[in-house]
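Secondary and tertiary structure notes
So you can see what is in the structure, the chains are spelled out below.
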Amino acid sequence: MAMLEGASSVDRLAPKVDAHEESLIRRIQNGEQELFYELVKPHERRVYTAAFAILRNPADAEEVAQEAMLKAFTHLKQFRAEARFSTWLIQIAVNEARMRLRKDHSEVMEPIGERQDDEGTYTPREFADWRELPSEALERSEIRQLLLEALASLKSKYREVFVLRDIHHLSIEEVAAILEISRASVKTRLLRARLMLRDFLAPRVAAGWFGREPFQKGNKPW
Amino acid sequence: MVISCEQVWQEISNYLENEVDPSLRASIEEHVRGCKRCTAVLDGTRNIIQLYGDDRLFQVPMGYGWRLRRRLADYMPGRRGTAYGWLIAVAALGLFTATLGLARSAASAPPTARSEHAQPGKGIPSGLTVLVAGHGKLFHIAGCTFIHEKDGPVRSMTAGEAIKEGYTPCTRCLGEYLSRLANLLRKQAWAVLLL
């Protein structure tokens, strides 16, 4: 099965299954299936996020996340505790999301990125100063929306690497294993993704987008 | 070692992840100190990593966890169609019917009755062990504070036997017992139905 083909490469990674998780997995494998939700609950958000980063649609992401969980349940006996369980789950979600994209032919909707190829070096084009980072920035929905928009503007090969590394904090080796690409490719794509996102966001920051205070009654800006 | 802006940009990820050797690190820092463009790129890239690494960025749809749990529960084998499942369903139905029967029997007492002592113990399980006192007219649950020693020696028998002998239920202890039994059965029935 395609989903499990990549598992061999992930399994080569250092064992990182914690004792509680390992115990739960063993009990589920021995028939206590009702414990499965307890096992996956800490990872349900990451599975959704992985799917969302690829599909860019909440409804599709939720459906794919559910499918990934069901596949993980069905194939739990095949999980070898040589990799983190969360990594294995995310790999299933990534594969499911990719299959969904292929099925829906959504690749044609990929952003047209004349600068988004692996050839040559990426040259930043925006040099607006962006030293400050308001800690409360993410509490504002319009800023979250802008960040998601920036992420969605990346081609999937950059987005996938960026999401796994900078959002899920997987190691370079884990990302390489999940996406079945070389470590060097992961690093190249990651650098490009970060620089492209910076190019997208920096001008908006320079325009005061992040720092502006919402207009309040009685507090005129002049 | 003097390096160009392009070299700095190519090493920014490695620099931020501490994956450059000390001499390259020193060169990058020296370059950045005197280059506004590279400072902007470095600061911006660091901010990108910080912003996207924040858990608050992605919000799962409301009810996502609940729907996932439900989907998993529906998918689990053994939840539907097994003998065990049917057994639970039948038990639930039985308990529910018994509860309804008890409730109906309690509700169907003739409203004209002036004394509950005259009731012949409707709804009381006939096999229930009760106590009667020799000269008394009531039968009780063990431990009832209304069993009087002055009524003579206390005997044990089933509720059915006590009713046949003309004893009537003590409204204190048996009333409370029936009420508790009905509540217990109702709770059990709901618990099984909600499984």
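Residue numbers here run from 1 along each chain, matching the order of that chain's written sequence. As they are written, the chains are lettered A onward and the ligands numbered 1 onward, keeping that order. In keeping with the model being predicted, local features are shown solely for residues with a pLDDT of at least 70 and side-chain atom pairs are shown and tallied solely at 80 or more, while totals for entire chains, interfaces and linings include all residues.

**A few points about the sheet that holds strand E1 (residues 129–133) of chain B**
Residue and element names in this part refer to chain B. When DSSP finds two or more bridges between a pair of strands, those strands are recorded as paired. Secondary structure elements follow DSSP: runs of H or I of four or more residues count as helices, runs of E of two or more count as strands, with numbering from the N terminus. A sheet is described by the order of its strands in space; here four strands give the open sequence E3-E1-E2-E4, paired in mixed fashion. Each end of this open sheet is capped by a strand with a single partner; those strands are strand E3 (154–158) and strand E4 (168–169). Note: strand E2 (residues 138–140) against E4, two bridges, orientation parallel. By the bridge assignment for E4, phenylalanine 139 is matched with proline 169.

**Digging into the packing of helix H5 (residues 44–55) of chain A against helix H9 (residues 156–167) of chain A**
Residue and element names in this part refer to chain A. Interhelical geometry of H5 versus H9 gives an angle of 155° and a closest axis separation of 9 Å. As summarised for this structure, H5 and H9 are arranged roughly antiparallel, according to the angle between their axes. Like other packed secondary-structure pairs, H5 and H9 cross with a definite hand, here right-handed. Across the interface between the two elements, Thr49, Ala50, Ala53 and Ile54 from H5 touch Ser156, Arg159, Glu160, Val163 and Ile167 from H9. Class assignment for the residues of the contact of H5 with H9 results in five nonpolar, two polar and two charged. Angular values range over 0 to 180 degrees, each being the angle between N-to-C directions of two axes fitted as lines to C-alpha atoms, with helices fitted over their stretch in contact. Here roughly perpendicular refers to angles of 65 to 115 degrees, roughly parallel to angles under 35, roughly antiparallel to angles over 145, and oblique to all remaining angles. Less than a right angle of anticlockwise turn of the near helix away from the far helix marks a crossing as left-handed, whereas a clockwise turn marks it as right-handed. Whether two residues are in contact depends on their C-beta atoms, placed from the backbone: they are in contact if these lie within 7 Å. For this classification, Asp, Glu, Lys and Arg are treated as charged, while Ala, Val, Leu, Ile, Met, Phe, Trp, Tyr, Cys and Pro are nonpolar and the rest, including Gly, are polar.

**Section: the confidence of the model for chain B**
Residues and elements named next belong to chain B. Chain-level pLDDT for chain B is 78 on average; 79% of the residues reach the 70-or-more range. The least confident element of chain B is helix H5 (residues 83–107), whose mean pLDDT is 66; the most confident is helix H2 (residues 22–33), at 93. pLDDT: the predictor's confidence for each residue, scored from 0 to 100. Confidence drops under a pLDDT of 50 for residues 108–117, and excluding neighbours within four residues, the segment shows eight contacts in the predicted structure. For this predicted complex, the interface confidence reaches an ipTM of 0.78, while the overall pTM sits at 0.63.

**What to know about the nonpolar core**
In globular proteins that are soluble, nonpolar side chains generally tend to be buried together. Put simply, a nonpolar core is a cluster of buried Ala, Val, Leu, Ile, Met, Phe, Trp, Tyr and Cys residues tied together by C-beta atoms within 7 Å. Burial is judged by counting the other C-beta atoms within 10 Å of a residue's own C-beta: 20 or more makes it buried, 12 or fewer makes it exposed, and any count in between marks it as partly exposed, with every C-beta position built from the backbone. The biggest cluster of nonpolar side chains holds 69 residues, and the ones touching the most others in it are Val47(A), Ala51(A), Ala68(A), Leu89(A) and Ala93(A). Tallying contributions element by element places helix H11 (residues 183–206) of chain A first for this core, with ten residues. Dropping the residues within four chain positions of it, Leu89(A) is found in contact with Val40(A), His43(A), Val47(A), Ala68(A) and Ala72(A). Counting residues in hydrophobic clusters, the runner-up holds 14 residues, among them Ala162(B), Tyr167(B), Cys170(B) and Leu178(B).

**Points about the packing of helix H1 (residues 5–16) of chain B against H2(B)**
All names here are of chain B. Packing of H1 against H2 leaves a shortest axis separation of 11 Å and a crossing angle of 120°. Accordingly, the angle class assigned to the pair H1 and H2 is oblique. Handedness of the crossing formed by H1 with H2: left-handed. Along the contact surface, H1 presents Val8, Glu11 and Tyr15, while H2 presents Leu24, Arg25, Ile28, His31 and Val32. Among the residues making up the contact of H1 with H2, the classes are represented as five nonpolar, one polar and two charged.

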